[in-house]
Amino acid sequence: MSNLDQNIQEAKAQLDAHTVEVVKWHFSPDTGSPFWLDWANKAGWNPAEEISCFDDIINKFPHFQDEWLRDMPNEIWRPKAYEGKPFSIFETGGTTGMPKQRIGWEDYKIDYSEFSETLNDNHFPRDHYWMMVGPTGPRRLRLSIEHLANVRGCSTYFVDLDPRWVKRLIAGKQFDQARAYMDHVIDQAVTILKNRKVSALFTTPKLLEALADRMDLIKAGIKGVFCGGTTMDKQYTRFLVEEVCENQIGFVPTYGNTLMGLARHRPFGPENDYSITYHAPQPRAVLRVVDPKKTENLVEYDSWGRVELTTLTKEFFMPRFLERDEAIRRSGWEKCPWDGVAEVRPFGAMEKKIVEGVY
Amino acid sequence: MAIPHIPCLRLGDPYVSLNKIDVADYRSGATKATVSQVNAGVVRRDLQRIDEARDALRKFTTAELVEIGAKAGEIFLNGEVQIGVDGEMQSPQQYIETLSSTSGLPHIMVKRNMVKIHYALTNMQLVLNGLTRGIDLPILDAGVGEQFGTQVCFYPTSKALGLVMPSNSPAVNSLWLPAIALKTPIVMKPGREEPWTPYRLIQAFIQAGCPKEAFSFYPTDYEGAADILNRCGRALIFGDKSTTDQYANNPAIQIHGPGWSKILIGEDEIENWRDHIDLIAGSIADNGGRSCVNASAVVVPKYGREIADALAQKLGPFKPTSAEDPEAKLSGFANPKMGEWIDGAIDSDLLEAGCEEMTAKYRDGERKVITDGGTYLRPTIVYCESFDHPLANREFLCPYASVVEAPQSEMLNQMGESLVVTAITKDKAFQAELLSSPLIERLNLGPISTMKISWDQPHEGNMFEFLYKRRSIGILAA
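Every value quoted in this text rests on a predicted model; they were computed, and no experiment measured them. Residue indices follow the written sequence of each chain, beginning from 1 at its first position. Just so you know, chain letters begin at A and ligand numbers begin at 1, following the order they were written in. Local features in this predicted model are restricted to residues of pLDDT 70 or higher, and side-chain atom pairs are both shown and tallied only at a pLDDT of 80 or more, whereas totals for entire chains, interfaces and linings draw on every residue.

Chemist: Go over the overall build of chain A with me, naming the residues and quoting the values.
Modeler: Where helices and strands are cited, they refer to DSSP runs of H or I of at least four residues and of E of at least two residues respectively, numbered from the N terminus. Helix and strand content of chain A: eleven helices and 14 strands. At 21 Å, chain A has a C-alpha radius of gyration in line with the 21 Å of a compact globule built from 359 residues. Of the contacts formed within chain A by residues at least 6 apart in sequence, a portion of 66% connects residues at least 24 apart. Only C-alpha atoms enter the radius of gyration; for comparison, a globular chain is expected to reach 2.2 Å times N to the power 0.38, where N is the number of residues. Any two residues are considered in contact once their C-beta atoms, placed from the backbone, lie within 7 Å.

Chemist: Now, about unusual backbone geometry: what can you tell me, with residues and values included?
Modeler: In this structure, the amide linkage connecting A:Q282 to the following residue, A:P283, adopts the cis form with an omega of 10 degrees. Within the element layout of this structure, A:P283 appears in the loop between β9 (277-279) and β10 (285-291). Look at A:N247: it is not a glycine, yet its phi comes out positive at around 55 degrees. One can find A:N247 in the loop between α11 (234-244) and β7 (250-257). Even without glycine at this site, B:D372 takes up a positive phi of about 50 degrees. By the element assignment, B:D372 lies in the loop between β18 (368-371) and β19 (374-377). The exposure label follows from counting other C-beta atoms within 10 Å of a residue's C-beta, where the C-beta atoms are placed from the backbone and the thresholds are 20 or more for buried and 12 or fewer for exposed, leaving partly exposed in between. Overall, B:D372 belongs to the exposed group, with 12 C-beta atoms counted inside 10 Å.

Chemist: Pulling in residues and values, what's your account of the sheet that holds strand β24 (residues 468-470) of chain B?
Modeler: Residues and elements named next belong to chain B. Strands are treated as partners if at least two bridges between them are detected by DSSP. Read from one edge to the other, the open sheet built from three strands follows the order β8-β9-β24, with strand pairing classed as antiparallel. Only two strands of the sheet have a single partner each, and these edge strands are β8 (144-147) and β24. Between one strand axis and the next, the sheet turns through 35 degrees on average, direction left out of account. With three bridges joining them, strand β9 (residues 150-156) and β24 adopt antiparallel strand pairing. The residue bridging Y155 from the neighbouring strand is K469, located in β24. Where helices are involved, their axes are fitted lines through C-alpha atoms of the stretch in contact, as for all axes, and angles between N-to-C directions lie from 0 to 180°.

Chemist: So what's going on with the interface of chain B and chain A? Which residues, and what values?
Modeler: In this assembly, nine residues from chain B lie in contact with eleven residues from chain A. A per-class count over the side of chain B that touches chain A returns three nonpolar, four polar and two charged. Charged residues are taken to be Asp, Glu, Lys and Arg, nonpolar residues to be Ala, Val, Leu, Ile, Met, Phe, Trp, Tyr, Cys and Pro, and polar residues to be all remaining types, Gly included.

Chemist: I'd like a rundown of the packing of helix α1 (residues 40-47) of chain B against helix α10 (residues 222-231) of chain B, residues and numbers included.
Modeler: Residues and elements named next belong to chain B. Between α1 and α10, the shortest axis-to-axis distance is 8 Å and the interhelical angle comes to 25 degrees. Judged on the interaxial angle alone, α10 and α1 are roughly parallel. Between α1 and α10 the crossing geometry is right-handed. Here A40, V43, R44 and L47 of α1 come into contact with α10, specifically with E223, G224, D227, I228 and R231. Working rule for angles: under 35 degrees goes down as roughly parallel, over 145 as roughly antiparallel, 65 to 115 as roughly perpendicular, anything else as oblique. Helix crossings get a hand from a simple test, with the near helix turned counterclockwise from the far one by less than a right angle marking a left-handed crossing and a clockwise turn marking a right-handed one.

Chemist: Any details on the pairing of β8(B)? Residues and values, ideally.
Modeler: Residues and elements named next belong to chain B. Bridging between β8 and β9 involves four bridges; their strand directions are antiparallel. For Q147, the partnering residue across the bridge sits in β9 and is T150. Between the antiparallel neighbours β8 and β9 lie two residues, among them F148 with a positive phi of about 55 degrees.

Chemist: Explain helix α8 (residues 163-171) of chain A to me, and be specific about the residues and the numbers.
Modeler: All names here are of chain A. Within α8 the residues assigned to the buried category are P163, V166 and L169. On an axial view of α8, the arc spanned by its buried residues comes to 120 degrees, and they lie on one face. Here the buried face of α8 lies against α9 (175-195). Arc definition: it is the arc formed by the directions from the helix axis to the C-beta atoms.

Chemist: Could you give me a rundown of the environment of B:S28, with the residues and numbers involved?
Modeler: Residues and elements named next belong to chain B. The topology assignment puts S28 in the loop between β4 (20-24) and β5 (31-36). Given 12 C-beta atoms within 10 Å, S28 falls into the exposed group. Separated by 420 residues in sequence, S28 and I448 place their C-alpha atoms 39 Å apart.

Chemist: I'd like to hear about the domain arrangement of chain B, residue by residue, with values.
Modeler: Residues and elements named next belong to chain B. As used throughout, domain bounds are those supplied by an automatic or database domain assignment. Per the domain assignment, the segments of chain B are domain 1 (5-257 + 460-470) and domain 2 (261-445). The interface is formed by 18 residues belonging to domain 1 together with 20 residues belonging to domain 2. Put simply, the parts of the chain that give the side of domain 1 that touches domain 2 at least two residues each are α4 (92-103) and α5 (107-122).

Chemist: Which residues make up the nonpolar core, and what values do they have?
Modeler: Counting residues in hydrophobic clusters, the biggest one holds 161 residues, and the most contacted among them are A:V133, A:V225 and B:F205. Tallying contributions element by element places helix α9 (residues 196-207) of chain B first for this core, with seven residues. With residues up to four places along the chain from it excluded, the contact list for A:V133 reads A:V159, A:L161, A:V185, A:A189, A:L201, A:T203, A:L207 and A:L211. Membership of the second largest hydrophobic core comes to 57 residues, among which are B:V298, B:I307, B:F318 and B:L391. A set of buried Ala, Val, Leu, Ile, Met, Phe, Trp, Tyr and Cys residues, joined through C-beta atoms within 7 Å, is what we mean by a nonpolar core.

Chemist: Before we move on, could you go through the environment of B:T132 and cite the residues and values that matter?
Modeler: As for its placement among the helices and strands, B:T132 is situated in helix α6 (residues 124-132). Put simply, B:T132 and B:A204 are 72 residues apart on the chain and 25 Å apart in space, counted from C-alpha to C-alpha.

Chemist: Before we move on, could you go through α9(B) and cite the residues and values that matter?
Modeler: Residue and element names in this part refer to chain B. Its twelve residues give α9 an end-to-end C-alpha distance of 16 Å, which sits within 8% of 16 Å, the value for a rise of 1.5 Å per residue. Within α9, eleven of the twelve residues are buried, leaving the element largely enclosed by the surrounding structure. Within two residues after α9, G209 carries a phi angle of roughly 110 degrees, on the positive side. A helix's residues, less one, multiplied by 1.5 Å, set its expected span.

Chemist: Residues and numbers for the sheet that holds strand β4 (residues 155-160) of chain A, please.
Modeler: In any sheet, the strands associate via hydrogen bonds between backbone groups, in a parallel or an antiparallel arrangement. All names here are of chain A. Read from one edge to the other, the open sheet built from twelve strands follows the order β4-β3-β5-β6-β7-β8-β9-β14-β13-β12-β10-β11, with strand pairing classed as mixed. Across the chains shown, the open sheet's two edge strands, defined by having one partner strand only, are β4 and β11 (294-298). For this sheet, the mean angle separating the axes of adjacent strands, direction not counted, is 40 degrees. By the bridge criterion, six bridges tie strand β3 (residues 129-134) to β4 in an arrangement that is parallel. Pairing of W130 across the sheet is with T156, part of β4.

See below:
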């Protein structure tokens, strides 16, 4: 057995053990949340006793409905063990109507502290300044980025962009207004860069491109860019690396959201046509690439399928949530010996027009 | 020949994108080429250094560029040009065969389009003379000079000419050719099924000695197309009304949409209508009925039903033959869904009272036919009692025309805008009325096919006046 195979087996065993521990936590009256305890009562089986490995989750739980996060009161998700501790409320969606909300305490810090260890100090110098240009507001991302910077001894400037407004403008074909809003955001970012020393940037691909159109990022002192939020296909990634970052600024793509945490990418470049593969922060979260028509089944390696997320932390349990993304399933990697998701794009992107926005 | 890959050209430099699309045979679906697709950011980045392209052209005189254009015309018509990124060459015959197989145009129509383009390139001096109304070429080089007894001075309105091209007919590329002689680089998004003609033209220009920087060629998405249109300074867009409407009030963007070209017969000539049936039928159906200068309506004071029947008798029997047939009259649809949509739209509107399809009885079958895997629409002539009918003033990508009755005195009021009007009349008063109408871009007085283009008579906008403005100038005498 190769080292990688052995590591894959060990990671699977670790995931199974973690799964059992987290499920027991959420489905035990002493520690669990009202939502899941009530769910188990109605389901007529006890996950705390019947889940013995991760595969059991796939076999025994239905898909998590994210509407529950919109329709149910927040406190219903609080594990009993967290009683008395105020929680943070993080939102996703909400372009129209009520957003979905996830509560949390420390989860994001764990993911981002771990992620910090993967960053190169040359591109993300310690004890300096970061700037985030992108959706802040009620999103977990804003606190996460600040925490990541803080872990590295850095402080962060913020320029906000409201993606709900951008999506509404685009859906209403108000492209001029969307462009004007983006210019407004970029104006603020340029002002910060002209007046403050910043070495690391977190932003979205489109905003990065727009910022680079306005100023020379290398001359502005940017050494590393941490980038995510919208689709980056191979050509676009290559363009960002070669032309926007001029092969000099470290480019770190990321895939993450309020429900999962932060996935890390494995090395990419001309040698693999800039195909980005992300690996979830397993065992706290598990990404699977499944057959959209038979979601219990994984697709073959190097085939497209729908992304399914399971989150397994003591703060939040979310089994088998079908993301609105599709991706190519990739095999494990030495630093993340479990499946990865590659070339992520909106689910059905090849069949229909998706409003992703200019942000 | 191996399947070539057509790269994007970034100020003339080939760039192979990681995103590629197939251009396929319209009948078999076999891939004839792969084409690089670039993200809009590439276009925006390159436009930041577009001055380099203009500077490269400015090293030449207009006369030299006219000469280079003529050489390019010969190469385009008769020479071998590089087509693929790996050095694959393309002969004229390969161009004809490949373009035919992806666009649906029969070989004979591709050849006719080639000849038109060749004519434009080898007669650029004549074209420029028409566009500039006789300005001496050295004045264009200097930007200032004396002509017609007065000082004249011109300055460029843009750094480049943006082009969002269609796939329907190769000869539309002749519209941008004067830009090169006018020292304006082009930035083009080609039609999805028709990268062949612009790419062959560009390679012919480069082979003839034109600086490669003058040519940027970006198969790209909607966002990239919008950037080409909005960021070049001046641009042309081809497309249907729904595509072009958003640019309708932008003077920097010239719209080439439907032509709604027409043939009018005056009351003085209507008794001679039989003499003109061949001319009218050719105006409707030449080039497969795909051009904006194809007549899509015939307006007559009387005998409408008889004229429609005569046209139907002539055009109705047209049917698809092989692409190689020198007598081929119809083009296939690169996108079969387009053919299906047009067929359905005509059928749906025929249900409305006040019209009759005259071709049906001469056609021995359905309008839409599939032959050797290709989708075709056979000619359709519809008699309409008035312009109120929805089929009276329509244009489709196939041989289609309505024949509408209207009193001569009402024709101009009712017919709407037209790219070309051929007026068959000797009535001086009617001619005067037509001459003063703002609704007509090109007017043919007398029995001239709407398809006939005079290169010294710009229609659809004057490229020189689009790319240059006249400036008032004062120069102190030495």
